[in-house]
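Here are the chains, one letter per residue:
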Amino acid sequence: MTDNTTYQQARLSRDARFDGLFFTAVVSTGIYCRPICPAPSPKEENVRYYASAVEAAAQGFRPCLRCRPDSAPGSPAWLGKETTFRRALSLIQEGYLHEHSVPELAERLGVSDRYLRKLFTASLGCSPKQYAQYQQILFAKKLLHESQWSVADIAFASGFNSIRRFNDCFQQQLSLSPTQVRRKELRSHEAMTLSMSFRPPYHWEAFKRYMAPRIVPGLEWLGENSYGRRFTAQEQQGRFTATLKKDKNIFEVEIELEDPKLLYHVVNRIRHLLDLDANPEVIDEVMRHVAPSFDAKGLRIPGCWNMEEAGLRAYLGEHIDPIKDASLLVKEPFNKEDHEQAPFMAHWSAICERYKHEPWPEASPTPYLNDEQYTYARLRGLSLPDLAGFEIISQKSALSAKPWRSYLALAVTDHLATGNEKAIAGNE
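The rules behind these values
- Residues numbered from 1 in each chain as written.
- Predicted model: local features only at pLDDT ≥ 70, side-chain atom pairs only at ≥ 80, totals over all residues.
- Heavy atoms only, no water.
- Buried < 20%, exposed > 50% of the residue type's maximum accessible area, 1.4 Å probe, protein only.
- Helix = DSSP H or I, 4+ residues; strand = E, 2+ residues; numbered from the N terminus.
- Pairing = 2+ DSSP bridges.
- Contact = heavy atoms within 4.5 Å.
- Axes fitted to C-alpha atoms, helices over the stretch in contact; angles between N-to-C directions.
- Salt bridge = Lys/Arg side-chain N within 4 Å of Asp/Glu carboxyl O.
- Left-handed = near helix turned anticlockwise from the far one by under 90°.
- Nonpolar A, V, L, I, M, F, W, Y, C, P; charged D, E, K, R; others polar.

Chemist: With reference to specific residues and values, describe helix α11 (residues 204-211).
Modeler: Along α11, seven of the eight residues are buried, which leaves the element largely enclosed by surrounding structure. Buried within α11 are the following residues: Trp204, Ala206, Phe207, Lys208, Arg209, Tyr210 and Met211.

Next up, the structure:
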């Protein structure tokens, strides 16, 4: 982002993907903020933009007490928030809430009860107690399948203080009683359902149109109002199905996971894949000016699980332009035994490991992917909102769409896909 108009669009969106990339200062108050600050937006004539908090402070501006620019991504305070949450997960997994209350857990962590609940709701979509009960149920289920203990003994060993509470939690989580679980191996044996909210509208039809021809059989599935897939997280296997509840502005997401300790990571990946943290109100305003004839209201970036997968999709011919997309010609995608895919996968995995904790470069870091393929990989793998270099949109339109050029490219894609659907329907 290089001009004030682009900075302004990013500021007004309050999109977390811009957090830490720049800072705003208000001359009328003498305060500088993060672009996600919840305070009322000041007039543009009073705003100054800086690349770092240090630069803003050097100009005499004071840090905002609401958004705390010292806690932007990468700062000590931001890392502290992440540390607090991980410490909470660790203590819960060790059974801390079996004998202590949530307020006591908060006190142990040095934060307020309200702050801890808010942290869990924002990160996982559930309370600390709900997360703890999920852990208890998984442990109890394991004992039901693998031990000869009585249900009562298993209830107390899992941290429940009463059989009634144990039965109620089992019924709530698995829709079965403990005795039914002992008799029957569940298909969704470690499923947890979470609600993941988003700011409306959500253009589900466009998301579905994009995903449908690019679904990898056996890896992904797409329903009328749902999308699901298998995944690997830190060598652990899992799967999820996200079902849209448009009237509630949420996705109900059922997650099956071998190791519940990875739930936090998995939830973040799902939110990224479905682009749930976008601010459609601001993005739609730009789309109305740049592409007024397109049905682009509520567009989201259709992500995939990680950059390793995104790069392979690009290498196999998946393309943002539905006319150029050649991924359907690949008979066995994601086949490590395939003599054409294997060399790329080995090479690309090493590159992904290299940039695991570093910003990805603008230019392609591999001879296997040209710049357009690499841009496509960053679109699906990183969900970056302002990618340039898509031939599907003109340079003039792209400049007008900053900082939402990725969404413009997807709006053009959906427009073309809709035209193809109408043409096919007309020929039937």
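Past the structure itself, the notes keep going.
Chemist: Give me the sheet that holds strand β3 (residues 47-50): which residues, what numbers.
Modeler: Read from one edge to the other, the open sheet built from four strands follows the order β3-β1-β2-β4, with strand pairing classed as mixed. The sheet terminates laterally at β3 and β4 (62-63), the two strands that pair on one side only. Both strand β1 (residues 23-26) and strand β2 (residues 31-33) contribute to a ladder of three bridges, which runs antiparallel. Note on β2: the bridge partner recorded for Ala25 is Tyr32. Sheet contacts for helix α1 (residues 4-13): β1 and β3; angle to β3, the most-contacted strand, approximately 100°.

Chemist: Before we move on, can you summarise the side chain of Gln133 with the specific residues and values?
Modeler: Positionally, Gln133 belongs in helix α7 (residues 128-146). Excluding residues that lie within four positions of it along the chain, Gln133 makes contacts with Arg165 and Cys169.

Chemist: Give a detailed account of the pattern of salt bridges, specifying residues and quantitative values.
Modeler: A side chain of one charge can pair with a side chain of the opposite charge when the charged atoms of the two come close. Counted according to the given criterion, the structure contains 16 salt bridges. Note that Asp113 is salt-bridged to Arg117, the shortest N-O span being 2.9 Å. Pair noted here: Asp113 and Arg117 are both in helix α6 (residues 113-124), with a separation of four residues, about one helical turn. Given a relative accessible area of 34%, Arg117 falls into the partly exposed group. Two residues, Glu309 and Arg229, come together in a salt bridge whose shortest N-O distance is 2.7 Å. Of this pair, Glu309 sits in helix α14 (residues 307-315) while Arg229 sits in strand β7 (residues 226-233); the two residues are 80 residues apart in sequence, bridging distant segments of the chain.

Chemist: An account of the environment of Ala350 is requested, with residue identities and associated values reported.
Modeler: For Ala350, the location among the structural elements is in helix α15 (residues 341-354). On the basis of relative accessible area, Ala350 is assigned to the partly exposed category, the value being 48%. Once the C-alpha coordinates of Ala350 and Glu308 are considered, the two residues, 42 residues apart in sequence, prove to be 9.4 Å apart.

Chemist: Mind laying out the packing of α14 against α15, listing which residues take part and the relevant values?
Modeler: Running from N to C, α14 and α15 point in directions that differ by 140°, and their axes come no closer than 10 Å. Between α14 and α15 lies a crossing of right-handed hand. Of α15, the residues touching α14 (which contributes Met307, Glu308, Gly311, Leu312 and Tyr315) are Gln341, Phe344, Met345, Trp348, Ser349 and Cys352. Split into classes, the residues belonging to the contact of α14 with α15 amount to seven nonpolar, three polar and one charged.

Chemist: Can you break down the environment of Asp284 residue by residue, with the values?
Modeler: Looking at where Asp284 falls in the secondary structure, it is placed in helix α13 (residues 280-290). If we ignore the near neighbours within four places in the chain, the residues touching Asp284 are Pro201, Ala296, Lys297 and Gly298.

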